[in-house]
Amino acid sequence: MFKGFYKTKNTRTVPLLEILTMAAETLWSNKLRTGLTMLGVIIGISSVIAITSVGQGVQKGVEQQIQALGTDVIQILAGAARSGNVRQGVGSSSTLTWEDAKAIATQAPSAQTVSAYLQRSAQVVYTGQNTSTTIYGTDLNYPEVRNTHPQQGRYFTQEELDIAAQVAILGPTVQRTLFGQGVNPLGERIRIQGEAYEVIGVMEPKGSQGPMDRDDQVFIPLTTMSKRLVGNNALVGVSVNGILVKGANQEQLEAAQFQVTNLLRLRHNIYPPQADDFRLTNQADIVSTFTSIVGLFTVMVVAIAGISLVVGGIGIANIMLVSVVERTREIGIRKAVGATNSAILNQFLAEAIVISIVGGLIGMTTGVLLAFIAASVFKFPFVISLLSIIAGFVLSLSVGLVAGVVPARNASKLDPITALRSD
């Protein structure tokens, strides 16, 4: 009955494949117990793979969004105004001007393209439809710096910028809200703060960046914005909320940042130990910081998911110990007909390994499926790392080996006489 399970002086060495096959048959005869034992491994492995994939997908999605705006861009924001002892938000003070942007373009060698902008929230109306959106007053360089261009119509011209023309380019969200899906708005007139603007273009979609919808925007000439919506509130020149500086490449950003900082300090008469009345942010630094944060968060959550694997290993060990008790008489018979301790040890280890491998395969499949569903529902890139798959397989195999050692040793050390007397 038990031929092939052991090695004696008069019998052959049992092949590994045969040991694994018989282990699988034994486990199949106890489906419910085997399934419950696998459950911990399945949950642990699927959690590790799914969470790793989701973390990498979210990270890649945000990186793509930021890179779409340009990772070789420095953003300069105006300083914060104070009302009494209360410091308002960055950009609330009129410390930057269009003339600052023009000076940077001509006097900072590492600055390839420079664009100044004003922004305000305003109500935009078309016939019976209206929406609250962000209005951007920009110059001609904005599309190149932000890597965003009209997909319909055109951007405004230098002449329209010079004469403060009342023309507007809509973001896709504003277009859909005011005109409906698929309607061409070119040539139509919208109203911003009661004044009419001709729609001359629709920008290409950029999607959302965190809670901010980058398609929910309207672009008009900076001169028009300054004269009609904001008013010139700088002592000299046109006040702006921010300046965008694009370097020739990402390596040029550090040099550009140094040059821009020193140039603005000179223009604004700022000397140590006075604080700057502006703030610089580097898009590449934002990407790097976000990547680090998401990476740490993913590691933390994967570590928590790894606890499920530990629980799964404990479950395997418990079930295998119970199995040893239930099969005490069977073990006694095997030893009585010549099975060695190592043969019994190998048999129970094989059962633990089969449980962990099959559970690991099911867990890996489930993890990939969960990651795909999450990516489809929440609209971020579906990323599966080969390393996480390999790690999942190695972990499941390790869990089986570690969890099966104690029960297998207990089974191999049973005294055959005592075992045969067991009920």
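Located above this text is the structure these notes cover.
Residues numbered from 1 in each chain as written. Predicted model: local features only at pLDDT ≥ 70, side-chain atom pairs only at ≥ 80, totals over all residues. Heavy atoms only, no water.

Draft legend 1. Region of interest: the overall build of the protein chain. If you tally the helices and strands in the protein chain, you get 13 helices and 16 strands. Counting all 423 residues of the protein chain, 46% fall into the buried class. Working note: accessible area of the protein chain is about 21100 Å², and carbon and sulfur atoms make up 59% of it. (Helix = DSSP H or I, 4+ residues; strand = E, 2+ residues; numbered from the N terminus. Buried < 20%, exposed > 50% of the residue type's maximum accessible area, 1.4 Å probe, protein only. Areas by Shrake-Rupley, 256 points an atom, 1.4 Å probe, with all protein chains shown as cover.)

Draft legend 2. Spatial organisation of unusual backbone geometry. With an omega of 5°, the peptide bond between Pro272 and Pro273 qualifies as cis. Looking at the element boundaries, Pro273 is found in the loop between helix 8 (253-267) and strand 16 (278-282). For Asn147, which is not glycine, the phi torsion reads 55° and is therefore positive. If you trace the backbone, Asn147 turns up in the loop between helix 4 (142-146) and strand 7 (150-153). Located in the positive-phi region is Gln193, a residue other than glycine, with phi close to 50°. Structurally, Gln193 is set in the loop between strand 9 (189-192) and strand 10 (195-203).

Draft legend 3. Focus on empty space enclosed by the protein. Applying the stated criterion across every chain, the model contains two cavities of 30 Å³ or more. Approximately 100 Å³ is the volume found for the largest cavity. Within the residue set of the lining of the largest cavity, elements represented by two or more residues are helix 4 and strand 13 (217-221). In the lining of the largest cavity, the residues fall into five nonpolar, three polar and five charged. Size it by volume and the second largest cavity reaches roughly 40 Å³. Leu27, Arg33, Thr34, Thr37, Ile319, Met320, Ser323, Glu351 and Ile355 are the residues that line the second largest cavity. Looking at the lining of the second largest cavity, the elements with two or more residues in it are helix 2 (31-69), helix 9 (283-326) and helix 11 (341-378). Here the residues of the lining of the second largest cavity sort into four nonpolar, three polar and two charged. (1 Å grid on protein atoms, 1.4 Å probe; cavity = no way out; pocket = protein on both sides within 12 Å on 5 of 7 lines; lining within 4 Å. Points joined across faces, edges and corners; volume = space filled by probe spheres on them. Nonpolar A, V, L, I, M, F, W, Y, C, P; charged D, E, K, R; others polar.)

Draft legend 4. Layout of the environment of Ala350. Among the secondary structure elements, Ala350 is positioned in helix 11. For the pair Ala350 and Leu401, spaced 51 residues apart in sequence, the C-alpha to C-alpha distance is 8.6 Å. Leave out the neighbours within four places in its chain, and Ala350 touches Ile19, Leu20 and Ala23. (Contact = heavy atoms within 4.5 Å.)

Draft legend 5. Expanded view of the side chain of Glu351. Inspection of the secondary structure assignment puts Glu351 in helix 11. For Glu351, a relative accessible area of 1% gives the class buried.

Draft legend 6. Just helix 12 (residues 386-412), in detail. Its 27 residues place the ends of helix 12 38 Å apart at the C-alpha level, agreeing with the 39 Å of an ideal helix rising 1.5 Å per residue. In helix 12, a bend of some 40° at Val405 exceeds every other bend along the element, and Pro407, a proline, comes one to four places later. Among all positions in helix 12, only Ser388, Gly392, Ser396, Val399, Gly400, Ala403, Gly404, Pro407, Ala408, Ala411 and Ser412 are buried. (Expected span 1.5 Å × (residues − 1). Bend = angle between axes of the 7 residues up to and from the residue.)

Draft legend 7. Layout of the nonpolar core. Ranked by size, the top nonpolar core spans 59 residues in total, and within it Ile76, Ile104, Ile190, Ile192 and Ile243 carry the most contacts. Top element by residues in this core is strand 5 (residues 111-126). It accounts for eight residues. Residues within four places of Ile192 in sequence aside, it is in contact with Ala122, Gln123, Val124, Ile135, Tyr197, Val218, Ile220 and Leu229. Core analysis: the next-biggest nonpolar cluster, separate from the first, contains 26 residues, Leu27, Ala317, Ile344 and Ala408 among them. (Core = buried A, V, L, I, M, F, W, Y, C linked by side-chain atoms within 4.5 Å.)

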